[in-house]
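For reference, the chains in residue letters:
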Amino acid sequence: MTTLRFAVENLSCAACAGRAERALAAAPGVSEASVNIATRMAQVTGEAQADTLQDALKTAGYPARESTHRLSITGMSCASCTGRVERALQNVPGVLSATVNLATETASVRVLDGAVTSEALAQTVTDAGYPAKPVTSDTPTETPSEIPPLRRDTLIAAALTLPVFLTEMGGHLYPPIHHAIMGSIGMQAFWVLQFLLVTLVLVWPGRRFFRIGLPLLAKGSPDMNSLVALGTLAAWGYSTIATFLPALLPDGTRAVYFEAAGVIVTLILAGRWMEARAKGRTGAAIRHLVGLRPDTVRVLRDGSFTEIPLSEVKTDDMIEARPGARIAVDGVVTDGNSFVDESMITGEPVPVAKVSGDPVTGGTINGQRSLTYRATAVGSDTVLARIIDMVQTAQGAKLPIQALADRVVRIFVPVVLGIALLTVAVWLTFGPSPSLGYALVSGVAVLIIACPCAMGLATPTSIMVGTGRAAELGVLFRKGDALQRLDAAKVVAFDKTGTLTEGHPTLVDQVTVSGVDPQNALALTAATEQSSDHPIARAILTAAPGDLPVVSDSETVPGYGLKATIDGHAVLVGSERHLIEQDVDTSPLKDAITRFAERGHTLVCLAIDGQAAAVFSVADQIKPSARPAIDALHEAGLKVAMISGDSPAAADAIARQLGIDHVTAGVLPDGKVDAIKTLRAQYGPVAFVGDGINDAPALAEAEIGLAIGTGTDVAIEAADIVLASGRVSGVVNAVEISRRTMRNIRQNLFWAFAYNTALIPVAAGVLYPAFGILLSPMLGAGAMALSSVFVLTNALRLRRIAPAQQDRPTSQSTRTEATA
């Protein structure tokens, strides 16, 4: 019987608390339940699991609040360790789920908020044999580096083992060495010397295997360290008996294998050293992101700017960014103008012009001029902090493809122990003389060559490097399993407005009749429209010259357009129908009107003194990156669809220009969900790309949702992937990273399974009857060490993924205009 106390949401009155209380009391395993409306906390006594309580409250409409704790863990060496830690955490009352990542050496634990503390979870893991500590949002989830102690232990073990290996193996390969030893110190003294050196190896640099492995073996839950400890102890123990108590051994079986025990420890330590170095490189992306935060900030205090620690910055503080300095937190420019390098956040290489009123993002780099800005978000609320959290969450996730490996790893070590015992028994029963020696060598080789580490590292290392590289390219995976789901997508569906297009209308073309000055026609139209706040009017005004003629009289004709008098001329502005209703002959503009209408553009017609003068074409411009991105998706074998609430004519015109395969137009947000379902039935799994509030239902419905980073918070929260750059090219990069990462994971898993499946039988001696081949435990130790290094090295190749598509940089002239 346990008592849990946790927070409950949506409680607004005593009646709500009563309903939540009754729902909890009715849940299986609950003996007593109470809900306090004042504190909005529930207290439950009984044997019910946390997820049972959560389900009961969700059904009642009052879900329990959830929170996620992160732990940094040391001492995990293989996938068996991660499984043991996960089971220990999942057995803690109040825990909903726990995921442990071997590559990052972290745990992510989802709990009922208030039911259990980070410190209690860390203590649970520590009690299971793996020292752990909570990780705060301001601290990177990195354990102290294993590299220095592993380097030291490897070098010590190598220095102690090398004399034993050279003299023992050298004596076999070059008999004069053996004769020299026999003629000087003799066999017994030589064996005693080996005993002393190898014993030092085991009790000094090799003690880590025994300190962790033997207690776990005694508890009936052996891990990789247990296999190494058993193998080396068997070789050392047999050799010690042969050296000091030879009478205990059958005749003809006296031999020593001290060099095997020493070399096994040395090689496995060397492998772990290389593994730790490789794992350090896999976390480079997170370290880079954390390093974007400056240590100190120049903040306005008492009339002057003073340097203070970043942690002391508060919202609404005025901050100075000197030339070349990092922007400390998110804010809005209040004084100055400069270019800011946002490539570390968005992946875009071209600096962005910033003037008063423009937003700036923490972690970006100021250009050649000073800026003063007001802090709008600090600490964990900044964009950079949210990006770090998203990347860490994605890196700690488990993909469905990992499920098989997890099931195998759970029983792997006990199975290997069983195979080793069976190997010894078979050699003792059927092996040639001396069968005890053959049995020992083969049994130790089986224990040493088995490698659950490769299986445990196969998926998380690839996820870690892949999502880290994605973040550097401006693609943020909010959920790790999005990698696998995007790889399975068959069709990519785009929202139109704001995703494929700029999201606001602009003047794209105009045609004037003979004898009418184009600039004067534009000025007259803009002057007539200047009192309107319609987006089309805004587009005309934006394109018009600065000085507009004075309007002496203006009248709105609802549904048609406007009438005005300017400099004594009667001006009509509006639709073609507006001009026709006023008896204006539009035939001089007919070809242009037809051409613009076929493109799906909005038309604004101008008549002066009863004569058709000009037609303006206004449209939501296609983003420059849209067509290359869609071409790249087609080359990747994907179908491309567009779902829009715009008119069919406008949507079809955009689709023709972009080469889109499937168009659904004129739909409301619910209609977008139905369109996703139709696409799924026709093509298969759907990835949807959107940016607005009205896209949130479709982002949630699709197998994978990608939100444009410049879009609304609602869209971003509903998405699985955020494209920080706001460019369509980010979709291509996301697909490329997903495919490359999944291919890398499959390669790693194939290697891990193939290695163990092929070499464990060889180590047991299956090739000896036919070919006389028997694997040395020393070779087995080398193979085992290199198997993990292979997996990590293969994953590190993902760091070299180049952008699948890079937008063309802004021209110098555009940048100069922005400065002006």
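Residues numbered from 1 in each chain as written. Predicted model: local features only at pLDDT ≥ 70, side-chain atom pairs only at ≥ 80, totals over all residues. Heavy atoms only, no water.

A.B. asks: Is there a simple way to think about the overall build of the protein chain in this case?
C.D. replies: Helix and strand content of the protein chain: 31 helices and 29 strands. Compactness check: the protein chain gives a C-alpha radius of gyration of 35 Å against a globular reference of 28 Å for 820 residues, more than 25% above the reference. In terms of overall dimensions, the protein chain has a C-alpha envelope of 125 × 70 × 65 Å along the principal axes. By residue count, 52% of the 820 residues in the protein chain fall in the buried class. Sequence-distant contacts in the protein chain: of pairs separated by 6 or more residues, those separated by 24 or more amount to 69%. (Helix = DSSP H or I, 4+ residues; strand = E, 2+ residues; numbered from the N terminus. Rg over C-alpha atoms; globule rule 2.2 N^0.38 Å. Buried < 20%, exposed > 50% of the residue type's maximum accessible area, 1.4 Å probe, protein only. Contact = heavy atoms within 4.5 Å.)

A.B. asks: Explain the side chain of Thr423 to me, please; I cannot follow it from the model alone.
C.D. replies: Tracing the backbone shows Thr423 in helix H14 (residues 403–430). The exposure class assigned to Thr423 is buried, which follows from its relative accessible area of 5%. When residues no more than four places from it in sequence are discounted, the contact partners of Thr423 are Ser442, Gly443, Val446 and Ala764.

A.B. asks: Is there a simple way to think about the sheet that holds strand S19 (residues 501–512) in this case?
C.D. replies: Sheet strands pair by backbone hydrogen bonding; their relative direction is either parallel or antiparallel. With respect to topology, six strands assemble into an open sheet ordered S19-S24-S23-S22-S21-S20, the strand pairing being antiparallel. Every interior strand has two partners, whereas the edge strands, S19 and strand S20 (551–557), have only one. Neighbour-to-neighbour, the strand axes of this sheet turn through a mean angle of 20°, independent of strand direction. Sheet topology places strand S23 (residues 602–608) next to strand S24 (residues 611–622); seven bridges connect them, and they run antiparallel. Bridge pairing in S24 places Ala607 opposite Ala612. (Pairing = 2+ DSSP bridges. Axes fitted to C-alpha atoms, helices over the stretch in contact; angles between N-to-C directions.)

A.B. asks: Before we go on, may I ask you to explain the layout of surface pockets in this structure?
C.D. replies: A water-sized probe rolled over the atoms picks out the places where empty space is left. Within this model, the second largest pocket holds a volume of roughly 700 Å³. What lines the second largest pocket is a set of 40 residues, among which Gly75, Glu146, Arg208, Arg211 and Ile212 lie closest to the centre. A total of seven residues in the lining of the second largest pocket trace back to one element, the largest contributor, which is helix H8 (residues 207–218). Looking at the lining of the second largest pocket residue by residue, the class counts come to 20 nonpolar, nine polar and eleven charged. (1 Å grid on protein atoms, 1.4 Å probe; cavity = no way out; pocket = protein on both sides within 12 Å on 5 of 7 lines; lining within 4 Å. Points joined across faces, edges and corners; volume = space filled by probe spheres on them. Nonpolar A, V, L, I, M, F, W, Y, C, P; charged D, E, K, R; others polar.)

A.B. asks: Help me understand the nonpolar core, please; the structure alone is not making it clear to me.
C.D. replies: Soluble globular proteins: nonpolar side chains tend toward being buried together. By size, the foremost hydrophobic cluster in this structure holds 144 residues, and its most contacted members are Ile73, Leu89 and Phe494. In terms of residues, this core owes the most to one element, helix H28 (residues 729–764), which gives 14 residues. Look past the residues within four positions of Phe494 in its chain and what remains in contact with it is Thr499, Leu500, Ile630, Leu633, Val640, Ala641, Met642, Ile643, Phe688, Val689, Val728 and Val731. By size, the runner-up hydrophobic cluster in this structure holds 23 residues, among which are Leu11, Val35, Leu57 and Ala64. (Core = buried A, V, L, I, M, F, W, Y, C linked by side-chain atoms within 4.5 Å.)

A.B. asks: Is there a simple way to explain helix H22 (residues 590–598) in this structure?
C.D. replies: Think of an α-helix as 3.6 residues a turn; residues three or four steps apart then line up on the same face. Listed as buried for H22 are Ala592, Ile593 and Phe596. End-on, the buried residues of H22 take up no more than an arc of 100°, which puts them together on one face. Of the residues in H22, the exposed ones pointing more than 90 degrees away from the buried face are Asp591 and Glu598. Looking at the buried positions of H22, the neighbouring elements they touch are S19, helix H21 (576–581), S23 and S24. Positive backbone phi, approximately 80°, marks Gly600, located one or two places after H22. (Arc of directions from axis to C-beta.)

A.B. asks: Would you explain the sheet that holds strand S10 (residues 318–321) in this entry?
C.D. replies: Spatially, the six strands line up as an open sheet ordered S9-S8-S10-S16-S11-S14, and their pairing is antiparallel. The sheet terminates laterally at strand S9 (304–309) and strand S14 (359–360), the two strands that pair on one side only. Note: strand S11 (residues 330–335) against S14, two bridges, orientation antiparallel. Of the residues in S14, the one forming a bridge with Gly331 is Val360.

A.B. asks: Would you mind going over the packing of aromatic side chains with me for this structure?
C.D. replies: For the coordinates displayed, the defined rule picks out nine aromatic pairs. Measuring from centroid to centroid gives 5.0 Å for Phe195 and Phe244, while their planes differ by 80°, and the two rings are edge-to-face. Of this pair, Phe195 sits in helix H7 (residues 187–203) while Phe244 sits in helix H9 (residues 224–244); the two residues are 49 residues apart in sequence, bridging distant segments of the chain. We classify Phe195 as buried; its relative accessible area is 17%. (Phe/Tyr/Trp six-rings, centres within 6.5 Å; stacked < 30°, edge-to-face > 60°.)

A.B. asks: Where do I start with the confidence of the model for the protein chain in this structure?
C.D. replies: Caution is warranted with low-pLDDT regions, since their predicted coordinates should not be read in detail. Looking at the protein chain, pLDDT values average 85 and 93% of them are 70 or higher. This stretch, residues 807–820, has a pLDDT under 50; its non-local contacts, to residues over four places away or in other chains, come to 13 contacts. (pLDDT = per-residue confidence, 0-100.)

A.B. asks: Looking at this structure, I do not really get a nonpolar patch on the surface. What am I missing?
C.D. replies: Taken together, Ile241, Phe244, Leu245 and Leu248 make up a surface patch of nonpolar side chains, about 380 Å² in accessible area. Tracing the backbone shows Leu245 in the loop between H9 and helix H10 (258–282). Note on Leu245: relative accessible area 48%, which makes it partly exposed. (Patch = residues over 30% accessible without salt bridge, like charges linked within 9 Å, V, L, I, M, F, W, Y side chains within 5 Å. Areas by Shrake-Rupley, 256 points an atom, 1.4 Å probe, with all protein chains shown as cover. Salt bridge = Lys/Arg side-chain N within 4 Å of Asp/Glu carboxyl O.)

A.B. asks: Where do I start with the packing of helix H23 (residues 626–635) against helix H24 (residues 648–658) in this structure?
C.D. replies: Axes are the key here: two packed helices are described by the angle between their axes and the distance separating the axes. Between H23 and H24, the shortest axis-to-axis distance is 9 Å and the interhelical angle comes to 65°. One way to sum up the angle between H23 and H24 is to call them roughly perpendicular. Residues Ala626, Arg627 and Ile630 of H23 touch H24, and the partners they reach there are Arg656, Gln657 and Leu658. Classifying every residue of the contact of H23 with H24 by side-chain character gives three nonpolar, one polar and two charged. (Parallel < 35°, antiparallel > 145°, perpendicular 65-115°, else oblique.)

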